Amino acid sequence: MNSSIANNIAHVQAQIWAACQAAGRAPGSVHLLAVSKTWGPDAVRQAHAAGLTAFGENYIQEAVDKITALHDLPLQWHCIGPIQSNKTRLVAEHFDWVHSVDRLKIAQRLSEQRPAHLPPLQVCIQVNVDGGQTKSGVSPQELPALAQAVAALPRLQLRGLMTIPEPAPSQAQMRSVHAQAQALFEALRQQGLPLDTLSMGMSGDMAAAIAEGSTLVRVGTAIFGQR
Ligand SMILES: *Cc1c(COP(=O)(O)O)cnc(C)c1O
């Protein structure tokens, strides 16, 4: 058995721990989501054997096949990719979390289609903090109204925000984009929304994200290798 996934996980956990130390935060305050897109069920089994239980997927049909193949394990599945209207039912039926809600129509469909026997779908709103033209995500201006509307849907539980900023040329610039996301997150909490999840940081910007308040990092390459 290839043990490099277990070694990589140990290394990532050490990096999270060090970033928490540097920021004066408790190590348990940052969750690790293993992004398993493009990797098969065996890679997920290895990561689970090394102690991980939460996995992130971008491509809905690929994810559903994997979720089905891994039904014997107690895993939590997070949808982190763009969602077309015709895929909301699959997402509502198979996932535990969705990080990539960026418009009300998608949220409404997810709420309507969430099966009654499952707990509410845990949701983050994707916000386009750095204004990338081609990117999905709601603008900071539109965020407050969308957050209030999503929080009112019966079969969704709004947990927080997700960001995918462009890589910045310096650590300071990366941190400043993450700090803007954190400020939006705090503003929503001030408005009374009980949010606890700031999904921010990937293999390349984990430390900067943790320094600026991330509570969940989504890590693919640093765990499974280059896709
Ligand atoms: C692929 C992906 C990740 C993981 O990126 P790595 O650089 O491989 O760690 C995280 N979040 C989202 C939304 C992704 O699409």
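Above: the structure in question.
Nothing here was measured: the structure is a model prediction, and the numbers come from that model.

Caption draft 1: Looking closely at the packing of aromatic side chains. A complete count under the given rule lists two aromatic pairs for this structure. Measuring from ring centre to ring centre gives 6.2 Å for Trp 39 and Phe 224, while their planes differ by 25°; the resulting arrangement is stacked. On the criterion of sequence distance, the pair formed by Trp 39 in the loop between strand E1 (31-35) and helix H2 (41-49) and Phe 224 in helix H9 (residues 221-224) is long-range, its members being 185 residues apart. For Trp 39, a relative accessible area of 25% puts it in the partly exposed group. Accessibility expressed as a relative area gives 7% for Phe 224, which makes it buried. Judged by centre distance (5.8 Å) and plane angle (40°), the rings of Phe 55 and Trp 77 are tilted. A residue pair is termed long-range when its members are at least 10 positions apart, and Phe 55 in strand E2 (residues 54-57) and Trp 77 in strand E3 (residues 76-79) qualify at 22 residues. Of the two residues, Phe 55 and Trp 77, both sit in the buried class.

Caption draft 2: Expanded view of the nonpolar core. Ranked by size, the top nonpolar core spans 61 residues in total, and within it Ile 16, Phe 55, Leu 110, Ile 125, Val 150 and Ile 223 carry the most contacts. With six residues, the single largest contributor to this core is helix H1 (residues 4-23). Not counting residues within four places of it along the chain, the set of residues in contact with Val 150 comprises Val 101, Leu 104, Ala 107, Val 123, Ile 125, Leu 156 and Leu 158. The next biggest cluster of nonpolar side chains, apart from the first, holds five residues, and it includes Leu 33, Val 35, Ala 54 and Leu 216.

Caption draft 3: Broad picture of the pattern of salt bridges. Inspection of the entire model under this criterion finds eight salt bridges. Its salt-bridge partner being Glu 93, residue Arg 89 comes within 4.0 Å of it at the nearest N-O pair. Here Arg 89 and its partner Glu 93 are both found in helix H4 (residues 88-94), four residues apart, which amounts to about one turn of the helix. For Arg 89, a relative accessible area of 46% corresponds to the partly exposed category. Note on Glu 93: relative accessible area 34%, which makes it partly exposed. For Arg 175, the salt bridge is made with Glu 212, and the minimal N-O distance between the two is 2.8 Å. Of this pair, Arg 175 sits in helix H7 (residues 171-190) while Glu 212 sits in the loop between helix H8 (206-211) and strand E8 (216-219), and the two are 37 residues apart along the sequence. The partly exposed category is assigned to Arg 175, whose relative accessible area is 35%. Given the relative accessible area of 17%, Glu 212 is considered buried. Connected through shared salt-bridge partners, Glu 57, Glu 62 and Lys 66 make up one network.

Conventions we followed
Residues numbered from 1 in each chain as written. Predicted model: local features only at pLDDT ≥ 70, side-chain atom pairs only at ≥ 80, totals over all residues. Heavy atoms only, no water. Phe/Tyr/Trp six-rings, centres within 6.5 Å; stacked < 30°, edge-to-face > 60°. Helix = DSSP H or I, 4+ residues; strand = E, 2+ residues; numbered from the N terminus. Buried < 20%, exposed > 50% of the residue type's maximum accessible area, 1.4 Å probe, protein only. Core = buried A, V, L, I, M, F, W, Y, C linked by side-chain atoms within 4.5 Å. Contact = heavy atoms within 4.5 Å. Salt bridge = Lys/Arg side-chain N within 4 Å of Asp/Glu carboxyl O.

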